[in-house]
Amino acid sequence: ENLTIVSVSTWLQNLVKQSFLSSLPNLVIHNGINLDIFKPVSSQFKDKYELKNKIVLMSSATSWSYKKGFNDLLRLSEILPKHYTIVIIGLSNSQIRSLPRNILGLPITENVSSLVEAYSSADIYLNLSYEETFGLTMIESMACGTPVIAYNCTSSPEIVNNEVGLLSKKGSIESLKDNIKKLESKLSKQLSDNCRDYVKKNYSAEKQLNSYSDLYYSLIYEHK
C-alpha cells in the first residue's frame, strides 16, 4: 500500500504512467556512477591497437543487436573517411570475425580499468541504441571526458545536450556522419572538462543515493 515506483528516466516514467501502475506514486531518480572510478586516465589504448593517428569513435554494450545499433555502426563504417576508426566493445567472437577492417571489435570486459582506459582514449562516444531506458555508458564516457553522439529518441535526449555532445536523427547515417564532423571540430580540453563537470553535477552515485535516502525516509515517516 505504500509502493512507490522509481523510474531511471522521464521517458520511462511516462511509459509507467501509461501502464497498470499509473495510479501509483512515480518519480525519477537517474542512475549514477562512481566518479572515483570513471575519470580521465592516461591510456595506452591507441598505441596498443595502432590507432594513434585515428579519430576513435567508440561504442560499448554487454550485448549487440539491431536495436542496440550494431547494424548502424556497420553502415556508418562504410561512409567514414579513412582517418576514423570505430571501436565496438562487447561483441561475440562471431561478430568480431565479421567486421570490416575499419572497425576494431573487442569482447566484453569485466575489467573496469580497461574500460575506463578505452573511454579515456576515445575521441567521441557513439550510442546508436533505438531503445534506451537510461544510457549508462554515455554517462561513463562523459565522466572520462569523452563527448557523446546519440540518437534523438527514448531517454537519450534527457542526457545529451550541446554542451556535452550532439543528437542525431534516429537511424540516419548521414546525420551521424555530419554530427561526427561537427563534434570533431569542437574537440578540446574544454569540451572534455564540460563532460566531466556535467556528470559530476547530475549523475554522481552520491547524488542518486541521497535521492533514494530521501525517498526512503519520506516513506517511513509518512506511514508511521
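Look up: the structure comes first, before these words.
Heads up: these notes are all about the structure in this document.

Reading guide: rules and limits
Residue numbers restart at each chain and count upward from 1, following the sequence in its written direction. Selection of residues for local features in this predicted model requires a pLDDT of at least 70, selection of side-chain atom pairs for listing and counting requires 80 or more, and totals for whole chains, interfaces and linings are taken over all residues. In computing side-chain values, all of the structure's heavy atoms are included and hydrogens and water are not. We treat two strands as partners when DSSP finds at least two bridges between them. Strands here are runs of E lasting at least two residues and helices are runs of H or I lasting at least four, both read from the DSSP assignment and numbered beginning at the N terminus. Between N-to-C directions, angles span 0 to 180 degrees; the directions come from axes that are lines fitted to C-alpha atoms, helices contributing only their stretch in contact. Any two residues having at least one pair of non-hydrogen atoms within 4.5 Å are treated as being in contact. A carboxyl oxygen of Asp or Glu within 4 Å of a side-chain nitrogen of Lys or Arg is what we treat as a salt bridge. Think of it in three bands: residues with accessible area under 20% of the maximum for their type are buried, residues over 50% are exposed, and the middle band is partly exposed, with areas taken using a 1.4 Å probe on protein chains only. Ring pairs are drawn from Phe, Tyr and Trp, using the six-membered ring of Trp, whenever the two centres fall within 6.5 Å, and their geometry is named by plane angle: stacked under 30 degrees, edge-to-face over 60, tilted for the rest.

**Some words on the sheet that holds strand E6 (residues 124–127)**
So, step 1. Read from one edge of the open sheet, six strands run E5-E4-E3-E6-E7-E8, paired in parallel fashion. In this open sheet, the two strands that pair with only one neighbour each are strand E5 (103–106) and strand E8 (165–168). Each neighbouring strand pair of the sheet contributes to a mean axis angle of 20°, computed without reference to strand direction.
So, step 2. In the sheet, E6 pairs with strand E7 (residues 148–151) via three bridges, with the strands oriented parallel. Bridge pairing in E7 places Leu126 opposite Ile149.
So, step 3. In the packing of helix H5 (residues 112–121) onto the sheet, contacts are made with strand E3 (55–60), strand E4 (84–89) and E6, and the angle to E3 comes to roughly 140°.
So, step 4. Helix H8 (residues 173–186) rests against E3, E4, E6, E7 and E8 of the sheet, and its axis sits at about 165° to E8.

**Here we look at the pattern of salt bridges**
So, step 1. Summed over the entire model, instances satisfying the criterion amount to five salt bridges.
So, step 2. Measuring nitrogen to oxygen at the nearest pair gives 3.7 Å for the salt bridge that ties Lys68 to Glu132. Of the two residues, Lys68 is situated in the loop between E3 and helix H3 (70–77) and Glu132 in the loop between E6 and helix H6 (136–143); the sequence distance between them amounts to 64 residues.
So, step 3. Accessibility expressed as a relative area gives 8% for Glu132, which makes it buried.
So, step 4. Of the charged contacts in the structure, one is a salt bridge between Arg75 and Asp72, with a shortest N-O distance of 3.2 Å.

**Focus: the packing of aromatic side chains**
So, step 1. Using the criterion set out here, one finds nine aromatic pairs in the structure.
So, step 2. With 4.9 Å between their ring centres and 50° between their planes, Phe45 and Tyr49 make a pair best called tilted.
So, step 3. By relative accessible area, Tyr49 is classed as partly exposed at 27%.
So, step 4. Within the aromatic cluster, the residues linked to one another by ring pairs are Phe38, Tyr119 and Tyr125.

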